[in-house]
Amino acid sequence: MSANSMSDPRRPNKVLRYKPPPSECNPALDDPTPDYMNLLGMIFSMCGLMLKLKWCAWVAVYCSFISFANSRSSEDTKQMMSSFMLSISAVVMSYLQNPQPMTPPW
Amino acid sequence: MKGFHAFCVVLLIFGSVSEAKFDDFEDEEDIVEYDDNDFAEFEDVAEDSATESPQRVITTEDDEDETTVELEGQDESQEGDFEDADTQEGDTESEPYDDEEFEGYEDKPDTSSSKSKDPITIVDVPAHLQNSWESYYLEILMVTGLLAYIMNYIIGKNKNSRLAQAWFNTHRELLESNFTLVGDDGTNKEATSTGKLNQENEHIYNLWCSGRVCCEGMLIQLRFLKKQDLLNVLARMMRPVSDQVQIKVTMNDEDMDTYVFAVGTRKALVRLQKEMQDLSEFCSDKPKSGAKYGLPDSLAILSEMGEVTDGMMDTKMLHFLTHYADKIESIHFSDQFSGPKILQEEGQPLKLPDTKRTLLFTFNVPGSGNTYPKDMEALLPLMNMVIYSTDKAKKFRLNREGKQKADKNRARVEENFLKLTHVQRQEAAQSRWEEKKRAEKERIMNEEDPEKQRRLEEAALRCEQKKLEKKQMKMKQIKVKAM
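Computed from a predicted model, the values in this text were never measured in an experiment.

A. Structural context of the overall build of chain A. In terms of helices and strands, chain A carries four helices and zero strands. Sequence-ordered secondary structure for chain A, helices as α and strands as β, is α-α-α-α. Residue burial in chain A is summarised as follows: out of 106 residues, 33% are buried. Contacts spanning at least 24 positions in sequence make up 66% of the contacts within chain A whose residues lie at least 6 apart. Accessible area of chain A: about 6,800 Å², with a carbon and sulfur share of 67%.

B. Representation of the interface of chain A and chain B within the structure. Contact residues are listed per partner, giving 33 residues for chain A and 48 residues for chain B. Summing the contributions of chain A and of chain B, the shared interface buries around 3,400 Å²; its carbon and sulfur component is 62%. Three residues stand out in chain A for area buried against chain B, namely Arg17, Tyr18 and Tyr62 of chain A, and they jointly supply 22% of the buried area on that side. The interface formed by chain A and chain B contains two salt bridges.

C. View of empty space enclosed by the protein. Residues and elements named next belong to chain B. Throughout the structure, instances matching the rule amount to one cavity of 30 Å³ or more. Within this model, the largest cavity holds a volume of roughly 30 Å³. Together, Trp167, His171, Val245, Ile247, Phe363, Leu379, Leu382 and Met383 line the largest cavity. Mapped onto the lining of the largest cavity, the elements with two or more residues apiece are helix 7 (137–178), strand 5 (244–251) and helix 13 (380–395). Of the residues belonging to the lining of the largest cavity, the class tally is seven nonpolar, one polar and no charged.

D. The arrangement of the packing of helix 3 (residues 54–70) of chain A against helix 4 (residues 77–97) of chain A in detail. Residues and elements named next belong to chain A. Contact geometry of helix 3 with helix 4 gives a least axis separation of 8 Å together with a crossing angle of 160°. Classified by the interaxial angle, the pair formed by helix 3 and helix 4 is roughly antiparallel. Here helix 3 runs over helix 4; the crossing is left-handed. Each of Lys54, Ala57, Trp58, Ala60, Val61, Ser64, Phe65, Ser67 and Phe68 in helix 3 lies in contact with helix 4, whose residues at this interface are Met80, Ser83, Phe84, Ser87, Ile88, Ala90, Val91, Ser94 and Tyr95. Here the residues of the contact of helix 3 with helix 4 are counted per class, giving 12 nonpolar, five polar and one charged.

E. Expanded view of the pattern of salt bridges. Residue and element names in this part refer to chain B. Taken as a whole and assessed by the stated rule, the structure comprises 24 salt bridges over all chains. Asp335 serves as the salt-bridge partner of Arg410, at 2.7 Å between the closest nitrogen and oxygen. You can see Arg410 sitting in helix 14 (residues 400–446) and its partner Asp335 sitting in strand 9 (residues 328–337), a full 75 residues away along the chain. Both residues of the pair, Arg410 and Asp335, count as buried. Note that Lys437 and Glu464 form a salt bridge whose closest N and O atoms lie 3.0 Å from each other. Highlighted residues: Lys437 in helix 14 and Glu464 in helix 15 (residues 450–482), separated in sequence by 27 residues. The class for Lys437 is partly exposed, based on a relative accessible area of 28%. With a relative accessible area of 40%, Glu464 lands in the partly exposed category. Connected via shared salt-bridge partners are Asp257, Lys403 and Asp407.

F. Spotlight on the nonpolar core. Trp167, Leu175, Met218, Ile247, Phe333 and Phe361 of chain B are the most contacted members of the largest nonpolar core, which has 61 residues in total. Among residues more than four places away in sequence, those in contact with Met218 of chain B are Leu175, Phe179, Leu207, Trp208, Cys209, Ile247, Lys248, Val249, Met383 and Val386 of chain B. Among the nonpolar cores identified, the runner-up in size contains 17 residues, and Phe65, Ala69 and Ala90 of chain A together with Met142 of chain B belong to it.

G. Region of the structure containing the UniProt feature "transmembrane region" (unreviewed entry) in chain A. Following the UniProt record, the feature "transmembrane region" (unreviewed entry) maps to residues 39–68 of chain A here. For residues 39–68 of chain A, the end-to-end C-alpha separation is 12 Å, with 93% helix and 0% strand making up the annotated structure.

H. Inspection of the pairing of strand 6 (residues 260–265) of chain B at higher detail. Residues and elements named next belong to chain B. By the criterion of burial, strand 6 is predominantly enclosed, with six of the six residues buried. By the bridge criterion, five bridges tie strand 6 to strand 9 in an arrangement that is antiparallel. Bridge pairing in strand 9 places Phe261 opposite Phe333.

I. Examining the confidence of the model for chain A more closely. For chain A, mean pLDDT is 84; residues scoring 70 or higher make up 85% of the total. In the predicted structure, residues 1–5 of chain A sits below a pLDDT of 50 and forms five contacts with residues beyond four places in sequence or in another chain.

J. Representation of the packing of aromatic side chains. Residue and element names in this part refer to chain B. Enumeration according to the criterion identifies 13 aromatic pairs over all chains in this entry. Ring pairing ties together the aromatic residues Phe261, Phe333, Phe361 and Phe363, which thus form one cluster. Against the face of Tyr372 rests Lys159, its NZ or CZ located 5.9 Å from the ring centre.

K. Broad picture of the confidence of the model for chain B. With 73% of its residues at a pLDDT of 70 or more, chain B shows a mean pLDDT of 79. Contacts of residues 45–94 of chain B to residues separated by more than four positions or lying in other chains number 38 contacts, the stretch itself having pLDDT below 50.

L. Focus on unusual backbone geometry. A positive phi angle, close to 55°, is found at Lys52 of chain A, a residue other than glycine. Mapped onto the fold, Lys52 of chain A is located in the loop between helix 2 (33–51) and helix 3. The exposure class assigned to Lys52 of chain A is exposed, which follows from its relative accessible area of 55%. Residues other than glycine seldom take positive phi values, yet Cys214 of chain B does so here, at roughly 70°. With respect to the element layout, Cys214 of chain B can be found in the loop between strand 3 (204–210) and strand 4 (215–223).

M. Molecular detail of the state of the cysteines. Taken as a whole, this structure holds zero disulfides over all chains when the rule is applied. Its sulfur unpaired, Cys215 of chain B is 6.2 Å from the next cysteine sulfur, which belongs to Cys214 of chain B.

N. The packing of helix 2 of chain A against helix 4 of chain A, seen in detail. All names here are of chain A. The contact between helix 2 and helix 4 brings their axes to 9 Å, and the two run at 25°. Between helix 2 and helix 4, the angle falls in the class roughly parallel. Seen along the crossing, helix 2 lies across helix 4 with a hand that is left-handed. On the side of helix 2, the interface is formed by Asn38, Met42, Ser45, Met46, Gly48 and Leu49, while helix 4 contributes Gln79, Met80, Ser83, Leu86, Ser87, Ser89, Ala90, Met93 and Ser94. Here the residues of the contact of helix 2 with helix 4 sort into seven nonpolar, eight polar and no charged.

Scoring rules and cut-offs
Residues numbered from 1 in each chain as written. Chains lettered and ligands numbered in written order. Predicted model: local features only at pLDDT ≥ 70, side-chain atom pairs only at ≥ 80, totals over all residues. Heavy atoms only, no water. Helix = DSSP H or I, 4+ residues; strand = E, 2+ residues; numbered from the N terminus. Buried < 20%, exposed > 50% of the residue type's maximum accessible area, 1.4 Å probe, protein only. Contact = heavy atoms within 4.5 Å. Areas by Shrake-Rupley, 256 points an atom, 1.4 Å probe, with all protein chains shown as cover. Buried area = accessible area lost by both parts, 1.4 Å probe. Salt bridge = Lys/Arg side-chain N within 4 Å of Asp/Glu carboxyl O. 1 Å grid on protein atoms, 1.4 Å probe; cavity = no way out; pocket = protein on both sides within 12 Å on 5 of 7 lines; lining within 4 Å. Points joined across faces, edges and corners; volume = space filled by probe spheres on them. Nonpolar A, V, L, I, M, F, W, Y, C, P; charged D, E, K, R; others polar. Axes fitted to C-alpha atoms, helices over the stretch in contact; angles between N-to-C directions. Parallel < 35°, antiparallel > 145°, perpendicular 65-115°, else oblique. Left-handed = near helix turned anticlockwise from the far one by under 90°. Core = buried A, V, L, I, M, F, W, Y, C linked by side-chain atoms within 4.5 Å. UniProt positions renumbered as here; feature names shortened; annotations may be inferred. Pairing = 2+ DSSP bridges. pLDDT = per-residue confidence, 0-100. Phe/Tyr/Trp six-rings, centres within 6.5 Å; stacked < 30°, edge-to-face > 60°. Lys NZ or Arg CZ within 6 Å of the ring centre and 35° of its normal. Disulfide = S-S within 2.5 Å.

Below, the structure is given as structure tokens:
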């Protein structure tokens, strides 16, 4: 049966299911931003906690927000939540230990 | 019961009031009470010292303390008024005491007054003792920034969602008239149309359509800009980028001939030529201008052979390309499509990547980032072009010469690939053979029956001998040939 413009081009017998693209090629193509930001966020929050640097803790909060905004829907929310909680705790701990306001570096 | 209730309420109120009083007592007025008691004993002395000592304090302490202290002084002076007669008498009587008592005090007033004559250096109260919100301006700035980010996230997400929905509403009819299955996420047991987009991200939406002549299926990807990320929004202010719609039509093997062809903006084609495996191998020339066919200057062509270009550039296609040139980023038809070049760490891959007959379209949404839902209607003619191209690809066949050329090209590419990987393949074969031998030896060792063991060992020895003989024969043949 030829598919001319008059007849219906649809073929119900030729339906193929959607297969998500294989994951091995995806990580290279995918945007690495959420992973980098997650890692940066964790590093900054550890710095903020250990070295008692307030600005580190604030940057960590920003990093975890950016990572969340760029994340894929298939990604684990637990990872996001844990980095977010860590950065918030870094900020809180810095202020509990030293309630002074943050001084700008300049 | 009511009475009891009222009594409890009264008790509570009384308790809270007394607690409040206690609070007052905790701080400065503790001292006031003690001072009052002290001053009660030594009325005139206490009065004077009371009035003097706060004054001394005034010069060096905070305003708050000042006010309270002054009040104290006033209170005491009021008390003193009542006892005027007594104080006067007290004064005359205790004068000698006053002198002696005030000896130290006279010095103090002297020194304090001399101090007051010297310039006072007012030290700034450290920030953390200031108790004002202004000193925390950096924190307030940070929180404001975070709030701005969250606001932008919500707004951006909603915008992308509305754009995706607008696109789908515009194109739904055309897609449903061409495909049996419109919308599938692969999770349902039965192949039924979900009739909606799959959201991969806050800025990427997928749609899978299938069930048509010529093609296996069509995957549409709406790649919007990251409007939900404030950093991205700020970066895009420097460098305007467009939202994109990518369409990938997977053709049936029998419905497309063997050729590689691409048309698009020059910049896009140069990039694709570098990145894509098939374009780099089969279309080695630089992108050519399409002016010969009447295409605008912004578009260029990459083709495996001239016949393909001639065949592809028919009137209708040219009409589409010229009218919608500003929205076309790239169009790529290929029977050897395998995606971008895979850069492996251990050198070349050992096997040629799997290829699929594919038609790829990348369109730019008008608006250059500032897209509105109504702009999606402008993309509908492009979808018509996609459908037309699919049908055309099925109809277009190379002539005999073209087919020969194409086959030669493919054979050449394969040969090159094999040459490059020859060493690796040899090593792989060697390791496989060694692995096999080792397995055999293990089997022999594990064999419990000694008879069987002996027989297997003999068989292995014989095999090895045969191989050696073969090799020797080959070497002899090569020597004879060389001679």
